[in-house]
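Structural features, examined
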Amino acid sequence: SASGSGTTMPTMQTTTSGGGGGEPSNYLDDLYQSWQEIEEDEFGNLLIGTTKAKDKRLRERREHLLTHASTAKRIRRGMIRFVQVVVDLSRATMMSDLRPSRLQVLSEELQHFVRNFFDSNPLSQLALSCTRNGVAKVITDLSGNPQKHVDHLKLLGTQKLGLDCSGDASVQNSLDVCLKQLRDVPPYGHREVLFMMTSLATCDPGDVFETIEQARANKLHCSVIGLGAEVHVLRTLAEKTKGKYSVATGEPHLRQLLEEYAPPPPSLAKETPSSLVQMGFPNFMVTRGDEGAGLCFVGQESELSKGKAFTCPRCKSRVKDLPQACHVCGLSLVSSVHLARSYHHLFPVPLFTEVAAADEKEKAANEGRRDRQHACYACGKEIKEANITLKCPKCLKPYCITCDIFIHEQLHNCPGCEEMGSST
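Counting from 1, residues in each chain are numbered in the order their sequence is written. Owing to the predicted nature of the model, reporting of local features is limited to residues with pLDDT of at least 70; listing and counting of side-chain atom pairs is limited to 80 or more, with chain, interface and lining totals taken over all residues. Side-chain calculation: all heavy atoms of the structure are included, whereas hydrogens and water are not.

**Overview of the environment of Ile 405**
The numbering of helices and of strands both runs from the N terminus, where a helix is a DSSP run of H or I of at least 4 residues and a strand a run of E of at least 2. Examined against the element boundaries, Ile 405 turns out to sit in helix H11 (residues 401–411). Classification of Ile 405 as buried rests on a relative accessible area of 3%. In this structure the C-alpha to C-alpha distance between Ile 405 and Arg 61, which are 344 residues apart in sequence, comes to 7.4 Å. Only protein chains enter the area calculation, which uses a 1.4 Å probe; residues under 20% of their type maximum are buried, those over 50% are exposed, and those in between are partly exposed.

Structure below.
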């Protein structure tokens, strides 16, 4: 790749499964082959989306849980994250290799990611920016309000707010915008940048590698998700800033990559030193009629609240959303719900152990229990011998694979352990 006042040319890399000829490439293994999910019943009818295909997908998600960051042991994590999402709105985003277009897929998947991000990181804040025509601009400032970001993501590709797709992308200008946005983040905050790139080139006004060094010096962790081939500049950016670089092979893979980015990442002690964070729990106020409509400070603007606001316990100024820092005294304002929802990342549910259903049924018969008792403790459905049976290592309750995935990805609490805790 070349850098400077011109365009940085991409470097494409293709990986094959072997050194000999005639062997298929690795990317063929990840293709979605819908015809493999078609089965035939005893009457000759074609069945689509059967339990066989569903079990296959559940087993793949189960294998993914074994190595996923959200189910790891207790490690130090960056619970308070400040993430800048950079969306590539160059002309490459209008390509239709993803249906109906890359732009539409990006918009929908990012909307899903924003909701998932704030569900996993209630104490964090997120901002949106874009790059087009060789420049970068801020779409939304750092905020803890997911609906604000979702509303702007729905406008991607439209003339409104100047978010239509045109020109080339600029990695250097995007990094400059991110540095300005994240430079004043408190030392306990985890600074991250997520690039959603579709272009295979970058048009930069200067040396992009010097800007990458500045990002590393400011402790920015830059991750990249691409929708095309691998680009050398983006790979260098991810490696030097200790981020991740992935190329999505399709819409399901893109959603999976975004879901992996949602949980809080591991944090090094030298980057985010341990310190007590002063927080305030604001009071929720509702004004009606002529009782008064207080001013809510939102960034550089102020607007009248529509009867609802949160009052800072220190300076009594009003804010619209939580969590965020008070714009007057700088106090971090959160609610008790946000702290409770962050708890499960520090103490994750232990991974369930796999046991054979036949052995469990034989054990139940030897103990004189009914076969019906060999059912999932969560959903109550009987676990067949052909399916996977899992047990919690603490309460030893049996679960089916569907409930196992739901418990570790969504619920973050074991029903059996919770019942044992409540009974004691």
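**Here we look at the side chain of Thr 93**
Residue placement: Thr 93 occurs in the loop between strand E4 (81–88) and helix H2 (102–120). Among the residues examined, Thr 93 registers a relative accessible area of 0% and is labelled buried. Here, residues are in contact when the closest pair of their heavy atoms is within 4.5 Å. Leaving out residues up to four positions away in the same chain, Thr 93 has contacts with Asp 88, Arg 102, Leu 103, Leu 106, Cys 165 and Thr 198.

**Some remarks on the packing of aromatic side chains**
Two aromatic rings from Phe, Tyr or Trp, using only the six-membered ring of Trp, form a pair when their centres are within 6.5 Å; if the ring planes differ by under 30 degrees the pair is stacked, by over 60 it is edge-to-face, and anything between is tilted. A complete count under the given rule lists six aromatic pairs for this structure. Ring centres of Phe 113 and Phe 117 lie 5.8 Å apart, and the angle between their planes is 45°; this geometry places the pair in the tilted category. Linking Phe 113 with Phe 117, this pair stays in helix H2, spanning four residues, or about one helical turn. Residue class for Phe 117 comes out buried when judged on its relative accessible area of 0%. Geometrically, the ring pair formed by Tyr 377 and Tyr 399 is edge-to-face, given 6.3 Å between the ring centres and 85° between the ring planes. Highlighted residues: Tyr 377 in the loop between helix H10 (357–366) and strand E20 (389–391) and Tyr 399 in strand E21 (residues 398–400), separated in sequence by 22 residues. Note on Tyr 377: relative accessible area 29%, which makes it partly exposed. Here, a charge over a ring is recorded when the distance from Lys NZ or Arg CZ to the ring centre is within 6 Å and its angle to the ring normal is within 35 degrees. Its end group placed over the ring of Tyr 261, Arg 81 keeps NZ or CZ at 5.3 Å from the ring centre.

**Here's the deal with the pattern of salt bridges**
We count a salt bridge whenever a side-chain nitrogen from Lys or Arg sits within 4 Å of a carboxyl oxygen from Asp or Glu. If you walk through the whole model with that rule in mind, you get eight salt bridges. Asp 168 is the partner of Arg 91 in a salt bridge, and the nearest nitrogen-oxygen pair spans 2.8 Å. Here Arg 91, found in the loop between E4 and H2, pairs with Asp 168, found in the loop between helix H3 (146–153) and helix H4 (171–182); they are 77 residues apart in sequence, far enough to count as distant. Judged by its relative accessible area of 54%, Arg 91 is exposed.

**Let's talk about the state of the cysteines**
Cysteine sulfur atoms that come within 2.5 Å of each other are treated as a disulfide pair. All chains considered together, the criterion is met by zero disulfides. For the unlinked cysteine Cys 165, the closest cysteine sulfur is that of Cys 130, found at 9.1 Å. Of the residues examined, Cys 165 reaches a relative accessible area of 16% and is grouped as buried. Cys 417 provides the cysteine sulfur closest to Cys 414, a residue in no disulfide bond, and the two sulfurs are 3.7 Å apart. Assessed through its relative accessible area of 4%, Cys 414 is described here as buried.

**Structural notes on the nonpolar core**
Joining through side-chain atoms within 4.5 Å is the link that ties buried Ala, Val, Leu, Ile, Met, Phe, Trp, Tyr and Cys residues into a set, and such a set is a nonpolar core. The biggest cluster of nonpolar side chains holds 31 residues, and the ones touching the most others in it are Val 85, Phe 113 and Met 196. Residue assignment for this core shows that the elements contributing at least two residues are E4, H2, strand E5 (125–132), H3, strand E7 (190–197) and helix H7 (251–261). It is H2 that provides the largest number of residues to this core, a total of eight residues. The contacts of Met 196, once residues within four sequence positions are left out, are Val 85, Val 86, Val 87, Asp 88, Leu 106, Leu 110, Ile 225, Leu 254 and Leu 258. Val 86, Leu 182, Ile 212 and Leu 234 belong to the second-largest nonpolar core, a separate cluster that totals 27 residues.

**Things to note about the sheet that holds E21**
The pairing criterion for strands is at least two bridges between them, as found by DSSP. Here we have three strands laid out as an open sheet, ordered E19-E20-E21, and antiparallel in their pairing. Either end of the sheet is taken by a strand with one partner, and the two such strands are strand E19 (353–355) and E21. The sheet shows a mean angle of 45° between the axes of neighbouring strands, taken without regard to direction. Pairing of E19 with E20 involves three bridges; the strand directions are antiparallel. Counterpart to Thr 353 in the pairing with E20 is Lys 391. Interaxial angle, 0 to 180 degrees, is taken between N-to-C directions of lines fitted to C-alpha atoms, where a helix line uses only the stretch in contact. Contacts from H11 reach E20 and E21 within the one sheet, and its direction differs from that of E21 by about 95°.

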